[in-house]
Amino acid sequence: MLEHTLPCWHCAGDVSPRALFCHGCGSIQPPGEVDPFTRLGVAAGFELDVASIERQLTGFARILAPARFQEKGERAQELASAQRAAREKAAAILRDPAARARALLDLADAAPARPATGGQWEIAIAAAPDAGSRARTLAAVKDEMAAELRLLLDAFRLGDLALAATRLTRVEAMALAVEAARRLG
């Protein structure tokens, strides 16, 4: 399958959405619409070596360092900044197991709808009669979320995307419950 190209902002030459620089004129390009795995140049998969993500990010930081673009004009500086931000966002997604799972399921057109609330877990935390009970319930939800993340890993290892989608929905709902508990104090 041929990859579509975009015109370079500087010379109008063909540029891949993955490219940092135009092969024709060497100008830095705006971040293209690519998945976080492609953006950081790592293989798409649930089991990632986080250190490899950090190594990639460090390499891109050197390439995109502001000092390298000081004399290349305001547009090049803005694009380098946008590229750095896009890479930081991609790294944040890949560091977070739930966000990484969603990115993988998005790639496979198998991502579930995002839960709107923390569901039963949020209700249980909110219904706790005192701070001590709330803390214990919150700890139980976090333990259950950790177990669900292990089951999510198993679903990806089995190649069962439907099961992975179900597990992801539960993890995301529990994460919403944890966030709601933080707001409660």
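Residues numbered from 1 in each chain as written. Predicted model: local features only at pLDDT ≥ 70, side-chain atom pairs only at ≥ 80, totals over all residues. Heavy atoms only, no water.

## Focus on the overall build of the protein
Right, on to step 1. If you tally the helices and strands in the protein, you get seven helices and two strands.
Right, on to step 2. In terms of C-alpha radius of gyration, the protein reaches 21 Å, well past the compact-globule figure of 16 Å for 185 residues.
Right, on to step 3. Burial statistics for the protein: of 185 residues in total, 37% are counted as buried.
Right, on to step 4. Within the protein, contacts between residues at least 6 apart in sequence are counted, and of these 55% link residues at least 24 apart.
Right, on to step 5. A total of about 10,600 Å² of accessible surface is found on the protein, and carbon and sulfur atoms cover 55% of it.
Right, on to step 6. Here the protein contributes 23 positively and 23 negatively charged side chains, and the mean placements of these two sets differ by 4 Å. (Helix = DSSP H or I, 4+ residues; strand = E, 2+ residues; numbered from the N terminus. Rg over C-alpha atoms; globule rule 2.2 N^0.38 Å. Buried < 20%, exposed > 50% of the residue type's maximum accessible area, 1.4 Å probe, protein only. Contact = heavy atoms within 4.5 Å. Areas by Shrake-Rupley, 256 points an atom, 1.4 Å probe, with all protein chains shown as cover. Lys, Arg positive; Asp, Glu negative; His and termini not counted. Charge placed at Lys NZ, Arg CZ, Asp CG, Glu CD.)

## Thoughts on the side chain of Gln83
Right, on to step 1. Position of Gln83 relative to the elements: it lies in helix H3 (residues 74-95).
Right, on to step 2. A residue is classified by how much of its surface remains accessible, and Gln83, at 1% relative accessible area, is buried.
Right, on to step 3. Side-chain polar atoms of Gln83 contact the backbone oxygen of Gln29, separated by 2.8 Å.
Right, on to step 4. In this structure, Gln83 is in contact with Ala19, Leu20, Ile28, Gln29, Pro30, Pro31, Arg39 and Leu64, ignoring residues within four places of it in sequence. (Polar contact = N/O pair within 3.5 Å; in protein donor to acceptor, adjacent residues only side chain to side chain.)

## Details of the environment of Asp106
Right, on to step 1. One can find Asp106 in helix H4 (residues 97-107).
Right, on to step 2. According to the relative accessible area criterion, Asp106 is partly exposed, its value standing at 43%.
Right, on to step 3. For the pair formed by Asp106 and Leu94, sequence separation is twelve residues and the distance between their alpha carbons is 13 Å.

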